[in-house]
Each structure stands twice: as C-alpha cells, then as structure tokens.
Amino acid sequence: MRKLIASIVAAIIMVTGLGTTVFAAPEGDDGTYDMDYYGRFQGQDMEINVYNWGEYLSDGEDGLMDINAEFTELTGIKVNYLNYETNEAMYAKIKSGANSYDVIFPSDYMVSRLIGEGMIQELNYDNIPNMKYIDKSFLNPVYDPEQKYSIPYAWGRVGIIYNTTMVDYEVDSWDVLWDESLKGKILMFKNSRDAFGVALLKLGYDINTEDKEQLDEAAALLKEQKPLVQAYVMDQIFDKMQNNEAAAAVYYVGDYYIMSEVNEDLALYIPESTNLFVDAVCIPADAPNKEAAEMYINFLNEPQVAAENMEYICYSTPNTAAKELLEDETKNNEDLYPSAEELADDTAFVNLSEETNLYLDQLWTDILADEEGYNRWFMPAFLVVAVAAIIISFIVKKRKKSRDR
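Residues numbered from 1 in each chain as written. Predicted model: local features only at pLDDT ≥ 70, side-chain atom pairs only at ≥ 80, totals over all residues. Heavy atoms only, no water.

(A) Just helix H3 (residues 67-75), in detail. Along H3, the residues classified as buried are Ile67, Asn68, Phe71, Leu74 and Thr75. Within H3, the buried residues cover an arc of 130° as seen down the axis, which keeps them to one side. Just downstream of H3, Gly76 is the residue with a positive phi angle, here 80°. (Buried < 20%, exposed > 50% of the residue type's maximum accessible area, 1.4 Å probe, protein only. Helix = DSSP H or I, 4+ residues; strand = E, 2+ residues; numbered from the N terminus. Arc of directions from axis to C-beta.)

Here's what the structure looks like:
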C-alpha cells in the first residue's frame, strides 16, 4: 500500500528555464507546477504552522514524497508541523488561543462546530485552483453546506481490527469488543465521540442522537466494557496491534492496511452500519498567513502529491485526479472505495447541540472516573511510600556509617 507509484517516479523531472516542474498527470492536465503561483513567497522567510492528526501526511518513508519538504523547496515557505490525537484535543488547543495555526484538519462534525463558533475563516478559492479536482459528491456537505470553509482531505469508515491468532472465530459484529474471553486484550477509542458512536451502533441507535436516555444506555454499555479494555488509544494502536499486544481494536479502516503490512495475522471487519467520516482542511480564524496557508492546501491537492499522500496514509481520496494515479491494488480495494450501495447504511457524524456536547463530555468523564480516581489515589500513595523508602534507606546508611566509625 505504501509502495512508490512507479509511473510517477519515472515522470517526475525538472524542466530548467521554463519555470515549471513536470509530473505524471491525469489525462487533460498539462502536468506542471505553476511556478508563477508557487514562487510568490520565495525569499520572504515565510512560515506556516500546520496542525494535523498523527500518521496523516506522507513524510518520505518508503520512497514516497516528503510533502512538507517538497512544499518548502517549491515555495520557500517553511512548515512547522505538529500533531494531535483527537478532534477534541485540537478544538481545545485552538479555543484556548495559546497557539496560532495556519492549517488544521478537523473531521466533518468538528468543521461544523468550528464554523458555528467563528473559529475558522472562509477560503479564497482563487488561491486554491486545485479545488477543481475534488469529486462533486464531496461538495456542499452538511457540515459546510455553502462550501465556504473547508476542502475535503480524506475519507473513510470505522472498522474492527483483530488478531486471528488471538480471536479464534470470524468477527461479524461489534460484540467482539465486549467479549469477556478477550479481557485485557481489547483497545478502545480514546475520544468520546468515536467511543459513543460504537456503543450507539451496537445498540442500534443513531450515532447523532441527542436523546439523553439513549446516551445513558451507551454510557452504561461503555462502563460494562471498561473492565475488558487494555487501553483507550489513538495512535498507540499501531504499536500494540502490530506487536501482538492486543487482540481486537476499533479504528479507522485505512490504518488497518498500514498495520497489516507489519503483522500479517491481522484481519478487518467492517460492520454493515458504521461511521463514515470525512476529514477536511481548514484555516483558523486567527491564522497569521492565510494566503500561504491556501497555497499549502492547493499543494496538497496537486494530483501526484495527493496520490502519494493517499498511498502513504491508506485512506480514501476525494481528489479524482489523484485517484487515477493510484496503484490498481489501492483504487480497486472495496474496503477503501466501496460502492454507493455498501455505504447506504453508514452514517456521518454531525455537530451536536452545545447541551448535548456538554452532556456527552460529562458521561465520558464519568466512564473514565474510576481510572482517574485510581490514579489520583495511587500516585500520592506511591510518592508517600517512595519518600518513606528513601528516608529509611538514608537512616540505615547513616547508622551503618556510625557503626563503621
């Protein structure tokens, strides 16, 4: 999945004196970078701060493009690149105003929330000509109905990843995540929205419900599951599943293909009804370098850039020109590019009311309270014991010295 696209490698050449860089391009494209466009900030010591999910941008591994380095070489714009684990963590950081970012990658429902709270700004599509490559089916989504604030970056579904040497049956439902025989070997989402989404789907409820009784049922189900859970994870899932440290986990389908390259004992089950998500690219309201940020977003949608990026992250691309450049193994993979019929029962998250968001946060805090309570009790007790041990050790050593004298 992360193999270099051979046709792209063969086609990438520099054309000196013409102000263009040539690459493998889809039919109808002239295959060049527009250097009049990308060269505007050369020599200006421009920097942008990019805040993205972990493992979610090609960084040069396996011969694929180091996208940030390529962008800097092309434009002269330095990219300061940081990662977050959850939408909620990103939201909190942006909301606090402690740091300033130029580009962020929120998921669908979070885009809607950021729009509603005035935390992201409208895009100038004159600066993002590669918007023309975005599949029309991804335009004007419910989370950004006027297509003013976001450009789709990648999409996918949630599935169950399991180790066939530890799970001795074929997984065919959410129930494996509540299998008591797998106690201590189950990994669960670390963020509240995804975790509640799984519980609501298992209960047969809408993942966007605002019914408190249904949310209470989901919370009870997650509490029931908690004694079976080894850890609540995000990016930590890679090491744990690849190294046979866990038997079953719920995560994003694209990431299964990364893990399965390392551990061939892993298998994937995608429930008939699951979460269908879109991650987008946006610019925060206080971004200091909006035009450079729009140039970065445009670069992400250059066909060969987007294609190599998708080969690396193994998610599905909304960029039609990039999809044409993907290896057949990738673009014909029905897990990554399912039919409309297969997607019919899947549901995307939408932004919930402020009241429901607060209630969901309270329920999630309560679910994790036992663990946190344990930590609050354990750490002071541990420190007391440790200090006592040090004092006793010091006394013993002092007494020994006295006897020696």
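(B) The arrangement of the sheet that holds strand S4 (residues 78-84) in detail. With parallel pairing, three strands are arranged side by side in an open sheet as S4-S3-S5. Each having just a single partner strand, S4 and strand S5 (103-104) make up the two edges of the open sheet. With seven bridges joining them, strand S3 (residues 47-53) and S4 adopt parallel strand pairing. Among the inter-strand pairings, Glu47 is bridged to a residue of S4, identified as Lys78. Each of S3, S4 and S5 touches helix H10 (residues 290-300); the most contacted strand, S3, lies at about 50° to it. (Pairing = 2+ DSSP bridges. Contact = heavy atoms within 4.5 Å. Axes fitted to C-alpha atoms, helices over the stretch in contact; angles between N-to-C directions.)

(C) Summary view of helix H7 (residues 212-225). Taking 1.5 Å as the rise per residue, H7 with 14 residues should run 20 Å; its terminal C-alpha atoms sit 20 Å apart, in good agreement. The complete set of buried residues in H7 reads Gln214, Leu215, Ala218, Ala219, Leu221, Leu222 and Gln225. Taken end-on, H7 shows its buried residues confined to a sector of 160°, consistent with a single buried face. Facing away from the buried side of H7, by more than 90 degrees, are the exposed residues Glu213 and Glu224. The inward-facing, buried residues of H7 contact strand S7 (186-189), helix H6 (192-203), strand S8 (229-233) and helix H15 (354-367). Measuring from the side-chain oxygen of the N-cap residue of H7 to the backbone nitrogen of Glu213 gives 2.8 Å; that N-cap residue is Asp211. (Expected span 1.5 Å × (residues − 1). Polar contact = N/O pair within 3.5 Å; in protein donor to acceptor, adjacent residues only side chain to side chain.)

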